[in-house]
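Residue-level structural notes
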Amino acid sequence: MLSILLLLLIISLVVIAMMSIYSFYIGAPILFSPKKATMKSLQICQAKPNEKFYDLGAGTGRTMLIAYKKFGLNTYGFELSPALAFMAKYNLWINGVKNSTIYLKNFYNANLSDADIIFCFLTPKAMLRLKNKFEKELKTGTRIISYAFNIPDWTPEKIIINSYPGKIYYYLKK
Ligand SMILES: C[S@@+](CC[C@H](N)C(=O)[O-])C[C@H]1O[C@@H](n2cnc3c(N)ncnc32)[C@H](O)[C@@H]1O
């Protein structure tokens, strides 16, 4: 019995490790955007209560926490790493965040068509791939914030420079 439990534990750990490596490979490493940059991003967007906020690669849910607590947004996060998705769920629950959902899911396969605001802190490669998805899928007027990396060939409405380690790129879907 003990050996079966140990085997299950090892298999779970291997699966978690492989999904974390996979998310790093196809999307972005596990880093966190500065809280001040998230605040600034949502101010630039003029985020209003009950709008739909999507974090592509939610990490531990910290941007969702700010989006809910400071701006009253309904928050949705996609995260490929099971360990981080679990931490995000716990983080949001322990902080009393309502109207939030964490999907253990690849954001490339998510339907983003009803998003009001999208937040990304990813990589140049991921932004290139998302560009096509955004062009096909997003409704006109969706606000997109990309921390640190631009969307290739799109013209930002604003770039906030110098205030944070990374630039903040603000886009409007036309
Ligand atoms: C740089 S972190 C950003 C975390 C958080 N959004 C923040 O700003 O603090 C990027 C996150 O995206 C996740 N990720 C990468 N590719 C993904 C994909 N295709 N689908 C879902 N999550 C992904 C990674 O596991 C990681 O947690």
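For the structure itself, look to the data block above.
First things first, this report covers the structure right here in the doc.

Attention shifts here to the nonpolar core. In this structure, Ala67, Ile118 and Cys120 are the most contacted members of the largest nonpolar core, which totals 43 residues. Examining the composition of this core, we find that 6 residues originate from one element, helix H3 (residues 62-71), more than from any other. Not counting residues within four places of it along the chain, the set of residues in contact with Ile118 comprises Tyr54, Leu56, Leu112, Thr142 and Ile144.

Taking strand neighbours across the sheet as the criterion, the 7 strands line up as S3-S2-S1-S4-S5-S7-S6 in an open arrangement whose pairing is mixed. Edge positions in the open sheet fall to strand S3 (100-104) and strand S6 (158-160), since each of these has one partner strand only. Sheet twist, expressed as the mean angle between neighbouring strand axes with direction ignored, is 15 degrees. Note that strand S4 (residues 117-120) and strand S5 (residues 143-147) share 4 bridges and pair parallel. Its bridge partner lying in S5, Ile118 is registered against Ile144. Relative to strand S2 (residues 74-79), H3 is tilted by about 175 degrees, and along the sheet it contacts strand S1 (52-56), S2, S3 and S4.

Now for helix H2 (residues 35-44). Residues Ala37, Thr38, Ser41 and Leu42 constitute the buried set of H2. The buried residues of H2 occupy an angular sector of 130 degrees when projected down its axis, which confines them to one face. For H2, exposure combined with an orientation more than 90 degrees from the buried face picks out Lys36 and Gln43. In the core, the buried residues of H2 are packed alongside H3, S4, S5 and strand S7 (168-172). One or two positions beyond H2, positive phi appears at Gln46, with a value near 55 degrees.

The next subject is H3. Counting buried positions along H3 gives 8 out of 10 residues, so the element sits mostly inside the fold. Restricting attention to buried positions, one finds in H3 the residues Arg62, Thr63, Met64, Leu65, Ile66, Ala67, Tyr68 and Phe71. Buried residues along H3 sit in contact with H2, S1, S2, helix H4 (82-94), S3 and S4.

The buried count for S1 comes to 4 of 5 residues, which makes it a mostly enclosed element. Judged from the 5 bridges that link them, S1 and S2 form a sheet pairing that is parallel. What sits directly across from Phe53, in S2, is Thr75. Each parallel crossover has a hand, and the one from S1 via H3 to S2 is right-handed. In this sheet, S4 lies alongside S1 in parallel orientation, the contact comprising 4 bridges. From the neighbouring strand, Phe53 faces S4, where its bridge partner is Ile117.

Rules used in this analysis
Residues numbered from 1 in each chain as written. Predicted model: local features only at pLDDT ≥ 70, side-chain atom pairs only at ≥ 80, totals over all residues. Core = buried A, V, L, I, M, F, W, Y, C linked by C-beta atoms within 7 Å. Buried ≥ 20, exposed ≤ 12 C-beta atoms within 10 Å, placed from the backbone. Helix = DSSP H or I, 4+ residues; strand = E, 2+ residues; numbered from the N terminus. Contact = placed C-beta atoms within 7 Å. Pairing = 2+ DSSP bridges. Axes fitted to C-alpha atoms, helices over the stretch in contact; angles between N-to-C directions. Arc of directions from axis to C-beta. Right-handed = clockwise from strand over helix to strand, strands pointing away.

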